[in-house]
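Overview (structure and organization)
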Amino acid sequence: VTVDVDTPLEEAARILAENKLGGLPVLREGKLAGIVTETDLFKVFLELFGAHEPGIRMTVLVPNQPGELSKLTSAIYKAGGNILALGTSRGEDTTTAELTLKVEGVAEADLKGAIETHVEKIVDVRSMKAM
């Protein structure tokens, strides 16, 4: 099982997981160009969630409708927050989405106050130090 250098990372991750592999050879024009490993994917995961940056990590449930993300990010901006990382996943059902954000520049209480009218539920909030 191999991938090409142009294969998107999430596709390589899916192939690794589905085939229960720890590493996946990457080819360029039929020749080995490198290997994507589980560790490489964990590093990307850490970057996507801003794990190396201090801030407030918040997970919220929002309506799965056009414009909802814009409303939430605008509220964070207006409160003085800067979004360092943002990830989305399926919510409790098809009508919601779960967002995990890392935000700096705003106090936790102010952040909660700014977003509470734009979310269905605040799932988790915690202050995070840099790794």
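Our subject in this report is the structure included herewith. Remember, predicted model here, so these are calculated numbers, not experimental data.

What follows covers the nonpolar core. By size, the foremost hydrophobic cluster in this structure holds 15 residues, and its most contacted members are V60, V62, L72, I76, L101, L111 and I115. Elements with a contribution of two residues or more to this core: β4 (55–63), α3 (68–78), β6 (96–104) and α4 (108–115). Not counting residues up to four positions away in its chain, the partners in contact with L72 are V60, V62, L99, L101, I115, H118 and V119. Counting residues in each nonpolar core, the second largest holds eight residues, with V3, L16, L24 and V26 among its members.

On to α3, then. Residues of α3 that are buried include every one of E68, L72, A75 and I76, and no others. Seen from one end, α3 has its buried residues packed into an arc of 100 degrees, which puts them on one side. Seen from the buried face of α3, the exposed residues on the opposite side, beyond 90 degrees, are Y77 and K78. Where α3 is buried, its residues meet β4, β5 (82–90), β6 and α4. A positive backbone phi angle near 95 degrees is found at G80, which sits one or two residues after α3.

On to a nonpolar patch on the surface, then. A contiguous nonpolar surface patch, about 230 Å² in accessible area, is contributed by L9, V44 and L48. Counting through the fold element by element, V44 comes out in helix α2 (residues 38–48).

Within the chain, K20 stands out as a residue other than glycine whose phi angle is a positive 50 degrees. Relative to the elements of secondary structure, K20 occurs in the loop between α1 (9–18) and β2 (23–28). With phi around 50 degrees, E29 is a residue other than glycine that occupies positive phi space. Tracing the sequence through the fold places E29 in the loop between β2 and β3 (31–37).

Moving on, we get to the pairing of β3. Direction of pairing for β2 relative to β3: antiparallel, over a ladder of six bridges. Residue pairing for β3: G23 is matched across the bridge by T37. What sits between β2 and β3 in their antiparallel hairpin is a turn of two residues, with E29 showing a positive phi close to 50 degrees.

What follows deals with the sheet that holds β5. Sheet strands pair via backbone hydrogen bonds, and the direction of the pair is either parallel or antiparallel. Spatial strand order, β5-β6-β4-β7: four strands in an open sheet with antiparallel pairing. In this open sheet, the two edge strands, each paired with only one partner strand, are β5 and β7 (121–128). Strand after strand, the sheet turns through a mean of 15 degrees between neighbouring axes, direction not considered. Pairing of β5 with β6, which is carried by eight bridges, proceeds in the antiparallel orientation. Counted as the bridge partner of N82 is E104 from β6. Helix-sheet contacts for α3 involve β4, β5 and β6, and the interaxial angle to β6 is about 20 degrees.

Cut-offs used in this document
Residues numbered from 1 in each chain as written. Predicted model: local features only at pLDDT ≥ 70, side-chain atom pairs only at ≥ 80, totals over all residues. Heavy atoms only, no water. Core = buried A, V, L, I, M, F, W, Y, C linked by side-chain atoms within 4.5 Å. Buried < 20%, exposed > 50% of the residue type's maximum accessible area, 1.4 Å probe, protein only. Helix = DSSP H or I, 4+ residues; strand = E, 2+ residues; numbered from the N terminus. Contact = heavy atoms within 4.5 Å. Arc of directions from axis to C-beta. Patch = residues over 30% accessible without salt bridge, like charges linked within 9 Å, V, L, I, M, F, W, Y side chains within 5 Å. Areas by Shrake-Rupley, 256 points an atom, 1.4 Å probe, with all protein chains shown as cover. Salt bridge = Lys/Arg side-chain N within 4 Å of Asp/Glu carboxyl O. Pairing = 2+ DSSP bridges. Axes fitted to C-alpha atoms, helices over the stretch in contact; angles between N-to-C directions.

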